[in-house]
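In case you want the letters, here they are:
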Amino acid sequence: MTAPETLRFENHKLILIDQTKLPGELAELVCTTVEQTHDAIRRLVVRGAPAIGIAAAYGVCLAADDPDDRESNDESESDPRSRYIHAIEYLATSRPTAVNLFWALDRMRGVVESTSVENLKDALVAEAKRINDEDRQMCHAIGRNGAPLLSGIDTVLTHCNAGGLATSTWGTALAPIYHLHQTGQAPKVLADETRPLLQGGRLTAWELSQAGVDVTVITDSMSGSLMRQGVIQAVIVGADRITARGDVANKIGTYPVAVLARHHGLPFYVAAPTNTFDLELDCGDDIPIEQRGRDEVAAPHGVGIVPDAAKVLNPAFDVTPADLVTAIITERGVIQQPTGESIARHFAEKCSGHI
Ligand SMILES: CSC[C@@H](O)[C@@H](O)C(=O)COP(=O)(O)O
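Residues numbered from 1 in each chain as written. Predicted model: local features only at pLDDT ≥ 70, side-chain atom pairs only at ≥ 80, totals over all residues.

## Some remarks on the overall build of the chain
A tally of helices and strands in the chain yields 13 helices and 14 strands. Whereas a compact globule of 355 residues would reach a radius of gyration of roughly 20 Å, the chain reaches 20 Å, a difference of no more than 12%. Per-residue burial over the chain gives 49% buried out of 355 residues. When contacts within the chain are restricted to residue pairs at least 6 apart in sequence, those whose partners lie at least 24 apart make up 75%. (Helix = DSSP H or I, 4+ residues; strand = E, 2+ residues; numbered from the N terminus. Rg over C-alpha atoms; globule rule 2.2 N^0.38 Å. Buried ≥ 20, exposed ≤ 12 C-beta atoms within 10 Å, placed from the backbone. Contact = placed C-beta atoms within 7 Å.)

Right, here's the structure in full:
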């Protein structure tokens, strides 16, 4: 069975799997405007750092047909170039942490600034499709590069969803698992349920079980005792932003898993394409962390579980310092024990072979 596509662009429409409805319903959401794309990213209809970037790139293309823009009396708004720049700036406000969003929008801005107005619409669609295709190749390359690290392992733990639903295809953290699965050698996967929005329990469990990979969902508080019992041999997660010295922002709850892995002497791997690096930031404390609404924690599925008088914290991400990371797997290779120097070398080296 071929897996449904996380997102695609057809007849100048952006079609997304509505991830808020999984696993109960496999429904699609069609975006025809920039506004709808912004809303889909903000509501996590489409989520995961690479997928957010790709969706935003396609979202820029929708500015061409946006009825709000066409009806605008503002002269600057009817100029195609400023309409696209406006869309880019607006989409950049959808979520703050995943740097892939800004990376993809910068590529789209480059096209707006370097293309004649008459060719702009087609050139933007072509660039968004290139971003999408490159992501597909990067996922497969991460799968190849990461597979030796997980080969022979019985059980691996992952947090959140860094799989096909977070990218155009295999994902990042799940890519080595899918790679090994092709030859029947995938490890068993433990998926942290990942409070509060349950990307692990809903999405990782859904896509791995669809693919026939052995997956077991655990609550976020179980991993420590399972490590102590020797059930887990390695941890692999994705990333939303990695700094120049290797600090990693990823879904809230990743940092405690990294601490637990260190305590139990287990490898803690991060898998991410090079466009998840923000080389302008050195320290992870400078990564903007998205703060989301109270109800995601206090009233999941509309059912209140926290008294009104109590305050709630809901940061969507945390930062794992580089010294807790055993290796970062990218489409170019593996950075063992990431530091500022090893990351700079990774970027300086010519990409060997194909991605
Ligand atoms: C390949 S996706 C990597 C990360 O984006 C993923 O682990 C994650 O934290 C996603 O968070 P989300 O809030 O679901 O967008």
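Past the structure itself, the notes keep going.
## Section: the sheet that holds strand 4 (residues 155-158)
Here seven strands make up an open sheet; going across it, the order is 6-5-4-7-10-13-14 and the pairing mixed. Edge positions in the open sheet fall to strand 6 (215-218) and strand 14 (334-336), since each of these has one partner strand only. Averaged over all neighbouring strand pairs, the angle between strand axes comes to 25°, with direction disregarded. Two strands pair when backbone bridges link them, and strand 13 (residues 327-329) and strand 14 are joined in this way by three bridges, in the antiparallel orientation. (Pairing = 2+ DSSP bridges. Axes fitted to C-alpha atoms, helices over the stretch in contact; angles between N-to-C directions.)

## Section: helix 7 (residues 117-150)
Here helix 7 spans 49 Å end to end across 34 residues, near enough to the 50 Å set by a 1.5 Å rise per residue. Taking the largest bend as the criterion, helix 7 deviates by roughly 30°, centred on A123. Directly after helix 7, the chain includes G152, whose backbone phi takes a positive value near 85°. (Expected span 1.5 Å × (residues − 1). Bend = angle between axes of the 7 residues up to and from the residue.)

## Some words on the domain arrangement of the chain
Per the domain assignment, the segments of the chain are domain 1 (7-135) and domain 2 (147-348). At the junction of the two partners, domain 1 supplies 20 residues and domain 2 supplies 25 residues. Secondary structure elements with two or more residues in the side of domain 1 that touches domain 2: helix 2 (49-61), helix 6 (99-114) and helix 7. (Domains from an automatic or database assignment.)

## Overview of the site of the ligand
R47, A49, A166, G238 and K251 are the nearest of the 19 residues found near the ligand. Those elements that provide at least two residues to the shell around the ligand are helix 2 and strand 9 (248-251). Looking at the shell around the ligand residue by residue, the classes come out as nine nonpolar, seven polar and three charged. The residues that make up the shell around the ligand include at least three from each of domain 1 (7-135) and domain 2 (147-348). (Near = placed C-beta within 6 Å. Nonpolar A, V, L, I, M, F, W, Y, C, P; charged D, E, K, R; others polar.)

## Comments concerning the nonpolar core
Counting residues in each nonpolar core, the largest one holds 104 residues, and the members touching the most others are L16, A55, A56, V60, V235 and A271. Element by element, the count of residues in this core is highest for helix 7, at eleven residues. Formed jointly, this core draws a minimum of three residues from each of two domains, domain 1 (7-135) and domain 2 (147-348). Those residues in contact with V60 that sit more than four places away from it in its chain are Y84, A87, I88, L91, M108 and L124. (Core = buried A, V, L, I, M, F, W, Y, C linked by C-beta atoms within 7 Å.)

## Regarding the UniProt feature "binding site: substrate" (unreviewed entry) in the chain
Those residues carrying the UniProt feature "binding site: substrate" (unreviewed entry) are R47, G48, A49, R95, Q199, N250 and K251 in this numbering. Mapped onto the elements, R95 comes out in the loop between helix 5 (80-91) and helix 6. In this structure R95 comes out as buried when scored by C-beta crowding, with 21 C-beta atoms within 10 Å. Ignoring any residue separated from it by four or fewer positions in sequence, one finds R95 in contact with I41, R42, I52, L101 and E290. Tracing the chain through its elements places K251 in strand 9. Classification of K251 as buried rests on a count of 27 C-beta atoms within 10 Å. If we skip the residues at most four places from it in the chain, K251 touches H159, C160, T194, Q199 and F317. (UniProt positions renumbered as here; feature names shortened; annotations may be inferred.)

## Focus on unusual backbone geometry
With an omega of 5°, the peptide bond between L22 and P23 qualifies as cis. Residue R195 is joined to P196 through a cis peptide bond whose omega torsion reads 5°. If you trace the backbone, P196 turns up in the loop between strand 5 (188-192) and helix 9 (199-211). At L44, a position not held by glycine, the phi torsion is positive, near 70°. Residue position: L44 is located in the loop between helix 1 (34-42) and helix 2. The residue Q337 is not glycine, and still its phi comes out positive at about 40°. Along the chain, the position of Q337 falls in the loop between strand 14 and helix 13 (340-348).

## As for the environment of L120
Within the secondary structure, L120 is located in helix 7. When the C-alpha positions of L120 and C61 are compared, they lie 9.3 Å apart, and in sequence the two are 59 residues distant. Contact partners of L120, with chain neighbours within four places excluded, come to P80, Y84, V112 and T115.

## Remarks on the pairing of strand 1 (residues 7-10)
Residues L7 and F9 point to one face of strand 1 and are all buried, whereas R8 and E10, pointing to the other face, are not buried. Pairing of strand 1 with strand 2 (residues 13-17) involves four bridges; the strand directions are antiparallel. Bridging from a neighbouring strand, E10 pairs with K13 of strand 2. Hairpin connection of strand 1 to strand 2: two residues between the antiparallel strands, including N11 at a positive phi of 50°.

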